[in-house]
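Notes for the structure review
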Amino acid sequence: MGHVLHGRHAEQAALGALVTDALEGRSGALVLRGEAGIGKSALLDWAAERAGAAGLRSIRVTGIEAEADLAFAGLVGLLWPLQSRLDDLPEAQARALHSVLGGPAADEAPSDRFRIGLAVLTLLAELAVERPVLCLVDDAQWLDRASVDALTFAARRLGADGVAMVFAARQEGFDAPGLAELRPERLGADDAGLLLGAYGLAPALRERVLAESGGNPLALREFAAAAPEGGRGEPLPVADRVLAAFRAQIAVLPERTQLMLLLTAAAGSAHVESSPPSGSYGLPGSSGSHASPGAPGSSGFSGSSGPSGVSKVSGSSGGFGQEGRDLRAVLAAGREFRAGLDDLQPAERAALIRVTGAGIAFRHPLIATAAYRGMPMARRMAAHRALAGAADDPDTRALHLSLVTIAPDEETAAELVAAAERARLRTACAAAAHLYRQAAHLTPDQGERAVRLAEAATLALSAGDVDLAADLAEQTRPLAAAGPAPATAARVRAAVELERGDAGDAAAILVEAAGSAPVDVAAGMLRTAADYAWFAGMPDIVEVAADRLESLGRPDPAARGMAALISGDHSQGVRLLTTAAQEEDGPRMRAVHLGWIVGDDDATLARAAEEVAMCRRYGLVGALPDALQALAQIQVVAGLHRDAEASVAEAAAIARDTGLRRRAGQLDTVLARIAAIEGDEERCLELTRHSTATGRVAADTMLSLLDLGLGRPQEALDRLLAARQGPGGHAGVLMGATGDLVEAAVRVGRPEAAREPLRALREWSAAGGQLWALSMAERCLALLTDDEAHFARAVQLHEGTSRPFERARTELLYGEWLRRERRRADARGLLGSALETFERLRARPWAERARAELRIAGGSAATPAAADLLDRLTPQELQVVRLAADGASSREIAAKLFLSPRTVEYHLYKAYPKLGISSRRELIRLTLA
């Protein structure tokens, strides 16, 4: 190995394990986090050498501070050498990456910002089919946000692919939740002494270097090389002392050399390629680009190919892939100062830089920082002005111009807006938000400034930066009282409140802002406000929104229907909501939610499944969790518990991998109903513990069902009556829980508490005509009247309905009634059927109750059935197996589930022995419904 590392045994062991896992077909990711100079890059070099010796392919990129706002700059640097492989990807994914790399589909906008991450996942997995892959990302804190999103998405979803990913980052600026972290510490005295052994320092000087370096490897090397004389200086942080040392080295160089270093730093073209002295700890020594703070431009791509397949590439901006462009841009800008290539030689002789045909390489990013910060502000501005003039791509030009524009200037602002729109086209929402924000600050006209701030807020929200979106939206308020900006900002503020869990405030914001918005915009805001207010349990806002929509000449059946339900007019409400759900031109997910409210199970299941399929087909990763949640809700009531668990597991994984953290609590509520049915009290309580205000009513229905199943009817009744009296008393989920309320009321001897809820259910079910609801109403009537005719009618209506748990409960109650009437023979058939369903649904307390009744009725209460074959599978194995059984190839399954083909094969390999088979061909003989 070329790199000798001191005091890094734990880090080397972790990196070595990643390489070994990749060789054995397993994927993994690790974040190395620490201060500047701690040796993160040296560890990446060591990992690359270890991987190369083991036969892995290594790809590498280094974040550039100057390119942090250039959309996908880091990803381009990483993937540029691999662009010939893009057409091997699924078509939608290939188009997404071509849009990033400037290929044939560069003008086609990906419809989902996470599709690029999916494409990166697939590309890395495809590369690993040939040989395992090590992906190294240095200075990840300077990677642009779009690249971070794509790479971390891939890192979290790689499985059995043989891909290892390592991110090296400073303490702040790189957020990668869910990835394992290691934090290299400063060297102890013994290891620091070993590192200094190569320098042959006198004992006194050696002790001084050891003391001042504080165990930071970079400081040890630089202080030793400089061999400082005199007393100790101020007690500055180690990084600042190293920076001061670099500044001192630069300050003695000729003026034009300093200018060329400034231009190089400002251009963001610091490609690290040096090697440390033999036997030392080692500095960052392979690839990447670094730039100083405040130098957001880039002069493009530079790269070279190292041994063992190591691709060493820096990030880039427009016109990607023109080798040597870094050097050309600096030389072009240098002509303005009468400086040129020869003026770089003194810096190269001082080992501060290295000039190659590919570009100019700083030995360490702190040298670039020193070269930039050590110059007066006027010189820095002149450098950016020269680089703007030398730039041959519009994004780089716009960013450099923004740094020299200190007063409002519409021309520069317009260039930033154009750059923002190019970033938006490529779904780099964070970069686009920053560019719009910069443009707003340089916009002379106050109204136009508000518009641009509002656009920045919208894009920040799309990028998942809720706090920034809220701040930018607030900044628009004093700037414009009319025009599009207030409405746009209001929508952002409402979305922020919804993200934070307060749908009521979100609805109020929209209603207030709609008053000054154009008619079409106001109508959209009011429709959304009605939806938010419904789920927040705010009937007044629903009715206000419905009234105002009608006054605008834009009546909305859904809003009016929700208002009617709230007011108690169930016939009108159900009719209007059913009509709205059936409108072909309405938003698909709104139709799904409306269908759920009125209990149209079959149509809602079909619509939700269609929405999920559409998201899979077009790679709409960000939209999929919402669609999967809706699908899971209807799967639970349809008795498809395993499918619902698989849908929730997938939605939760994607929400985690894409930063949609709010989704987790909503998904828990779906699973809580399964836990309640199964009688799993601990799990049900945990899943409902953190329910937000909008999900509290749903959580209460789950807990009341749990209470009822566990023989606590009084608690169930109290909980449901309180929920009906609360702000969410109109919720459709409470209508579906009427059967629980009536049964609880009868069991505790309070039938009068059930009469009004039953009246509402009968009116609601008659208006909708859903058989499960009509059957529930008949069952409730039977309990309250003790009339067998209602029981018989309930069982008859249940035939062919989509809610098996409710059907089994009807059979159980009717069977119990028959047994009490001493009609045991009639009771046994119903009780046996109920028991069979309860066991299939793993509804333990209900199965025990049915089994006990069956025994009393003289029936044979067999031992519980063996676990269903599919119960042996994990949720993801179930999804994969079902798709494979339908004839989908591993590649097709991978595209649908946002996995890699090898991960799909891994899940199949794990599933076959659980199913008692050995190949894909045998799946067709299994019952997988």
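Here the structure is a predicted model, which means the values were calculated and not measured. (Residues numbered from 1 in each chain as written. Predicted model: local features only at pLDDT ≥ 70, side-chain atom pairs only at ≥ 80, totals over all residues. Heavy atoms only, no water.)

**Considering the overall build of the protein chain**
- Regarding its fold elements, the protein chain presents 45 helices and eleven strands.
- Here the protein chain holds 929 residues, and 59% of them are scored as buried.
- Within the protein chain, counting contacts between residues at least 6 apart in sequence, those at least 24 apart form 67% of the total.
- Summing over all exposed atoms, the protein chain offers an accessible surface of approximately 35000 Å²; the carbon and sulfur share of this is 51%. (Helix = DSSP H or I, 4+ residues; strand = E, 2+ residues; numbered from the N terminus. Buried < 20%, exposed > 50% of the residue type's maximum accessible area, 1.4 Å probe, protein only. Contact = heavy atoms within 4.5 Å. Areas by Shrake-Rupley, 256 points an atom, 1.4 Å probe, with all protein chains shown as cover.)

**Overview of the packing of helix α43 (residues 875-885) against helix α45 (residues 901-915)**
- At a closest axis distance of 9 Å, the pairing of α43 and α45 adopts a crossing angle of 90°. What the angle tells us is that α43 and α45 run roughly perpendicular. Touching Gln876, Glu877, Val880, Val881 and Ala884 of α43 are Val904, His907, Leu908, Lys910, Ala911, Lys914 and Leu915, all from α45.
- Residue composition of the contact of α43 with α45, grouped by class: seven nonpolar, two polar and three charged. (Axes fitted to C-alpha atoms, helices over the stretch in contact; angles between N-to-C directions. Parallel < 35°, antiparallel > 145°, perpendicular 65-115°, else oblique. Nonpolar A, V, L, I, M, F, W, Y, C, P; charged D, E, K, R; others polar.)

**Re the pairing of strand β4 (residues 163-169)**
- The buried fraction of β4 is high, at seven of seven residues.
- On β4, burial covers both faces: Val163, Met165, Phe167 and Ala169 on one face and Ala164, Val166 and Ala168 on the other are all buried.
- Pairing of strand β1 (residues 28-33) with β4 involves six bridges; the strand directions are parallel. Residue pairing across strands places Val31 opposite Phe167, the latter belonging to β4.
- Across five bridges, strand β3 (residues 133-138) lies against β4 in parallel orientation. Bridging from a neighbouring strand, Val137 pairs with Phe167 of β4.
- Note that the unit made of β3, helix α6 (residues 145-157) and β4 has a crossover that is right-handed. (Pairing = 2+ DSSP bridges. Right-handed = clockwise from strand over helix to strand, strands pointing away.)

**Observations concerning helix α4 (residues 91-101)**
- With respect to burial, α4 is a largely interior element, nine of its eleven residues being buried.
- Three or more residues of α4 are buried, namely Ala92, Gln93, Ala94, Ala96, Leu97, His98, Ser99, Val100 and Leu101.
- Along its buried surface, α4 packs onto α3 (73-79), α5 (115-130) and α44 (890-897).
- Gly102 sits one or two residues past α4 and shows a positive phi near 80°.

**Section: the environment of Arg363**
- Tracing the sequence through the fold places Arg363 in the loop between β11 (359-362) and α14 (365-373).
- Separated by ten residues in sequence, Arg363 and Ile353 have C-alpha atoms that sit 5.6 Å apart.
- At 2.6 Å, the side chain of Arg363 and the backbone oxygen of Ala351 are in polar contact. (Polar contact = N/O pair within 3.5 Å; in protein donor to acceptor, adjacent residues only side chain to side chain.)

**Topic: the environment of Lys896**
- Position of Lys896 relative to the elements: it lies in helix α44.
- Note: C-alpha distance between Lys896 and Gly619 (277 residues apart in sequence) is 7.8 Å.
- The contacts of Lys896, once residues within four sequence positions are left out, are Arg616, Glu650 and Leu883.

**Some words on the pattern of salt bridges**
- All chains considered together, the criterion is met by 62 salt bridges.
- Between Arg803 and Asp601 there is a salt bridge, and its shortest N-O distance comes to 2.7 Å. One end of the pair, Arg803, is in the loop between α39 (788-798) and α40 (804-820); the other, Asp601, is in helix α28 (residues 601-618), and 202 residues separate them in sequence. Each member of the pair, Arg803 together with Asp601, is buried.
- Across the salt bridge formed by Arg809 and Glu743, the nearest N and O atoms sit 2.9 Å from each other. Of this pair, Arg809 sits in helix α40 while Glu743 sits in helix α36 (residues 738-747), and the two are 66 residues apart along the sequence.
- Among the residues examined, Glu743 registers a relative accessible area of 2% and is labelled buried.
- Sharing partners across several salt bridges, the network here consists of Arg673, Asp740, Glu743, Arg747, Arg779, Glu806, Arg809, Glu816 and Arg849. (Salt bridge = Lys/Arg side-chain N within 4 Å of Asp/Glu carboxyl O.)

**Quick look at the confidence of the model for the protein chain**
- Per-residue pLDDT for the protein chain has a mean of 85; in total, 88% of the residues score no lower than 70.
- Under a pLDDT of 50 for its full length, residues 229-235 has, in the predicted model, nine contacts with residues more than four places off or in other chains.
- Low pLDDT (under 50) marks residues 269-325, which in the prediction has 241 contacts with non-local residues, meaning those over four places away or in another chain. (pLDDT = per-residue confidence, 0-100.)

**Examining the nonpolar core**
- One finds Leu97, Met165, Phe167 and Phe838 to be the most contacted residues of the largest nonpolar core, which totals 215 residues.
- In terms of residue count, helix α23 (residues 519-536) provides more of this core than any other element does, ten residues in total.
- Setting aside its immediate chain neighbours within four residues, Leu97 contacts Leu75, Leu79, Leu86, Leu89, Ile116, Ala119, Val120 and Leu123. (Core = buried A, V, L, I, M, F, W, Y, C linked by side-chain atoms within 4.5 Å.)

**Some remarks on helix α38 (residues 771-785)**
- With 15 residues, α38 extends 21 Å between its outermost C-alpha atoms, agreeing within 8% with the 21 Å of an ideal straight helix rising 1.5 Å per residue.
- Burial analysis of α38 places twelve of its 15 residues in the buried class, the great majority of the element.
- Turning to α38, its buried residues are Trp772, Ala773, Ser775, Met776, Ala777, Glu778, Arg779, Cys780, Leu781, Ala782, Leu783 and Leu784. (Expected span 1.5 Å × (residues − 1).)

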